[in-house]
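Structure assessment
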Amino acid sequence: MSPHATSRRRVHRSVATGLPLALAAALVAAGTATAAPSGDARVIRTATLGEIPLGAFSNALLPGSVDDDHGVDLGGIGSDIYPAGRKGEYWTVTDRGPNGQIKVDGKKRRTFPVPGFDPAIVKIRVSGDEIEVIDAIPITTSSGKAVTGLPDQKSRDEAPYTYDATTPLSFNPNGLDTEGIVRAGDGTFWLVDEYGPSLVHVSARGQVLTRYVPKGLNLTGTDYPVVEALPSVLLHRKINRGFEGLAQLPCGDLVMALQSPLSLPDTAAGEASRTTRLLRFSPRKQAVTAEYAYRFDPVNVVDPSEDDTSELKISSVVAVGGDRLLVEERTDKAARLQLVRLGQKADILGGPWDDDTTSPSLEQLDDPAAAGVPVLSKRLVVDLGKVGGVPGKIEGIARVDHDTLALINDNDFGMTDGAGAFDAQGRLVDSGIKTTLTYVRLPEGL
């Protein structure tokens, strides 16, 4: 079925027998940005996603999955972006769905206003100043059920609540907080997830084939195969800061980026650290084959308005030939792209830094390089915070050609935190932030 949303009041559907599901929507136009260049990098084009009711979108993929979308529109597709082959077309992936935080009795509760929402792979096309949704694939279990975006384990994840933070929801071991996406040559997809953290292999139709998780996670009750193939040290990932970036090297290997430093040996160490990790995974061997230490710049260098080191994140990694990667260091307001090369001498896999009894830990070292850690060297390509017209919270980056990048932001489904996120009738008070795809021309080729 294909929903064609022209407004929140009218949704049309049609059947295309034997064809992939196509989703199209009337979109809200966005004016072309007039960007002031920084270092000659400049915005050359923008396009914006219009209003597509989340309930209509979800129920067209999995009928009956959403009974009340609380007025939320489709968003969150900016978790990552990957070229789809044709000019102006991209694969994107939603995150776990609308979610926020509300304080109750002085403690924050994680809310899931649309708990039936199922993360989806969404194919988009840039048409003028509009983003068109041309296909969507629900992510499902082995039996075809929604994986949902609900947290997996009571022992490791935040407890989920309804939109008003009053009623607890159930944990779901199948749940995925999807982030990065690449498409393999055989048509299957690879995704990364923040809960495990995990690497997820998905069929061309969206069915989870295998979920690779850290050794010792002991994730039980899933309706798909789970393989403990990742280093156990990843069990120390910060809550909501697991894998976020994913790249596919020309050889077919995958590179996963931890969004933030591990909480090793404790939360305080992780919050203060500027050292996170990249991992290389061989789909052929079904194993991690290398691990790298990545060092953030000081937070006030990445974002002059920020002084909290824990706001530093990696949200996107992009292969640019050979073993070279673009790595996005960001806060919610600014981002810088660094070029790194994954050399064999920088591999720390299986060494003392994968032993969580090592003291001090990698995350505790003030100067890892001085302590003998082969930290990846990097070179600044562009400071997006100085490029006029680039929105905040860029989470997805794709290489268009040798000197052009496509950026997409995560608009969090228009949600904000706090009790004021919904009105008295339980309808979303939209933030007004739209999903925007932005093309940036670089002064030099990659």
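Here's what I pulled together on the structure shown here.

Rules used in this analysis
- Residues numbered from 1 in each chain as written.
- Predicted model: local features only at pLDDT ≥ 70, side-chain atom pairs only at ≥ 80, totals over all residues.
- Heavy atoms only, no water.
- Helix = DSSP H or I, 4+ residues; strand = E, 2+ residues; numbered from the N terminus.
- Rg over C-alpha atoms; globule rule 2.2 N^0.38 Å.
- Buried < 20%, exposed > 50% of the residue type's maximum accessible area, 1.4 Å probe, protein only.
- Contact = heavy atoms within 4.5 Å.
- Areas by Shrake-Rupley, 256 points an atom, 1.4 Å probe, with all protein chains shown as cover.
- Pairing = 2+ DSSP bridges.
- Axes fitted to C-alpha atoms, helices over the stretch in contact; angles between N-to-C directions.
- Phe/Tyr/Trp six-rings, centres within 6.5 Å; stacked < 30°, edge-to-face > 60°.
- Core = buried A, V, L, I, M, F, W, Y, C linked by side-chain atoms within 4.5 Å.
- Salt bridge = Lys/Arg side-chain N within 4 Å of Asp/Glu carboxyl O.

Here's the deal with the overall build of the chain
Assigned secondary structure in the chain consists of three helices and 27 strands. Its C-alpha atoms give the chain a radius of gyration of 21 Å, near enough to 22 Å, the size a compact globule of 446 residues would have. Taken along its principal axes, the extent of the C-alpha atoms in the chain is 60 × 50 × 45 Å. When each of the 446 residues of the chain is scored for burial, the buried share is 58%. The long-range fraction of contacts in the chain, counting pairs at least 24 apart against all pairs at least 6 apart in sequence, stands at 60%. Carbon and sulfur atoms make up 47% of the accessible area of the chain, which amounts to about 17,400 Å² in all.

Examining helix H1 (residues 54-61)
With respect to burial, H1 is a largely interior element, eight of its eight residues being buried. Among the residues of H1, Leu54, Gly55, Ala56, Phe57, Ser58, Asn59, Ala60 and Leu61 are the ones counted as buried.

Some words on the pairing of strand E4 (residues 42-49)
Of the strand pairs in this sheet, E4 and strand E27 (residues 436-441) are connected by six bridges, and their pairing is antiparallel. Each residue of the ladder has a partner; that of Thr46, found in E27, is Thr438.

Considering the sheet that holds strand E25 (residues 394-401)
Spatial strand order, E5-E6-E9-E10-E4-E27-E26-E25: eight strands in an open sheet with mixed pairing. Looking along the sheet, the strands with just one partner apiece sit at the ends: strand E5 (81-83) and E25. The average angle at which neighbouring strand axes cross in this sheet is 30°, direction not considered. Inspection of the sheet shows strand E9 (residues 120-127) paired to strand E10 (residues 130-138) by eight bridges, in the antiparallel sense. Bridge pairing links Lys123 to Asp135 in E10.

Observations regarding the environment of Val390
Assignment of secondary structure puts Val390 in the loop between strand E24 (378-383) and E25. Taking the C-alpha atoms as reference, Val390 lies 26 Å from Thr275; in sequence the two are 115 residues apart. Leave out the neighbours within four places in its chain, and Val390 touches Val43, Leu384, Leu407 and Val440.

Remarks on the packing of aromatic side chains
Tallying each qualifying case throughout the model produces seven aromatic pairs. With a centroid separation of 5.6 Å and an interplanar angle of 75°, the aromatic rings of Phe117 and Phe413 are classed as edge-to-face. Taken as a pair, Phe117 in the loop between strand E8 (107-111) and E9 and Phe413 in the loop between strand E26 (404-409) and E27 lie far apart in primary sequence, 296 residues in all. Considering the side-chain rings of Tyr212 and Phe281, the 5.0 Å spacing of their centres and the 55° angle between planes classify their relative orientation as tilted. Here Phe281 lies in strand E19 (residues 275-282) and Tyr212 lies in strand E15 (residues 208-214), a separation of 69 residues in the sequence. As far as the burial class goes, Tyr212 and Phe281 line up, both buried. Each residue in the set Trp190, Tyr212 and Phe281 is aromatic and connected to the rest through ring pairs, giving one cluster.

Observations regarding the nonpolar core
Grouped together as the largest cluster of nonpolar side chains are 31 residues, with contacts concentrated most on Leu54, Phe57, Leu74, Tyr90, Ile124 and Leu437. Taken together, the elements giving at least two residues each to this core come down to E4, H1, E9, E10, E26 and E27. The element that contributes the greatest number of residues to this core is E9, accounting for four residues.

Points about unusual backbone geometry
In this structure, the amide linkage connecting Gly196 to the following residue, Pro197, adopts the cis form with an omega of -5°. Tracing the backbone shows Pro197 in the loop between strand E13 (189-193) and strand E14 (198-202). A cis geometry characterises the amide bond from Leu264 onward to Pro265, with omega recorded as 10°. The phi angle at Asp105 is positive, at roughly 55°, despite the residue not being glycine. Locating Asp105 in the fold gives a position in the loop between strand E7 (100-104) and E8.

A closer look at the sheet that holds strand E12 (residues 178-183)
Spatially, five strands are ordered E12-E13-E14-E15-E16 in an open sheet, and the strand pairing comes out mixed. Because the sheet does not close on itself, it has two edges, and the strands there are E12 and strand E16 (226-230). Here the strands of the sheet are splayed against their neighbours by 25° on average, with no regard to which way each runs. As defined by bridge partners, E15 adjoins E16 across four bridges and the pair is classed as parallel. Bridge pairing in E16 links Arg211 to Val226.

A word on the environment of Gln425
Relative to the helices and strands, Gln425 resides in the loop between E26 and E27. For the pair Gln425 and Ala290, spaced 135 residues apart in the sequence, the C-alpha separation amounts to 51 Å.

Notes on the pattern of salt bridges
Counting across every chain of the model gives 28 salt bridges. The shortest N-O distance in the salt bridge between Lys434 and Glu51 comes to 3.8 Å. Of this pair, Lys434 sits in the loop between E26 and E27 while Glu51 sits in the loop between E4 and H1; the two residues are 383 residues apart in sequence, bridging distant segments of the chain. Given the relative accessible area of 36%, Glu51 is considered partly exposed. Between Glu291 and Arg277 there is a salt bridge, with its nearest N and O atoms 2.9 Å apart. Separated by 14 residues along the polypeptide, Glu291 in strand E20 (residues 287-295) and Arg277 in strand E19 bring together distant segments of the chain. In this structure Arg277 comes out as buried when scored by relative accessible area, which is 1%. Members of the salt-bridge network, linked through shared partners, are Glu244, Lys313, Arg330, Asp332 and Glu395.

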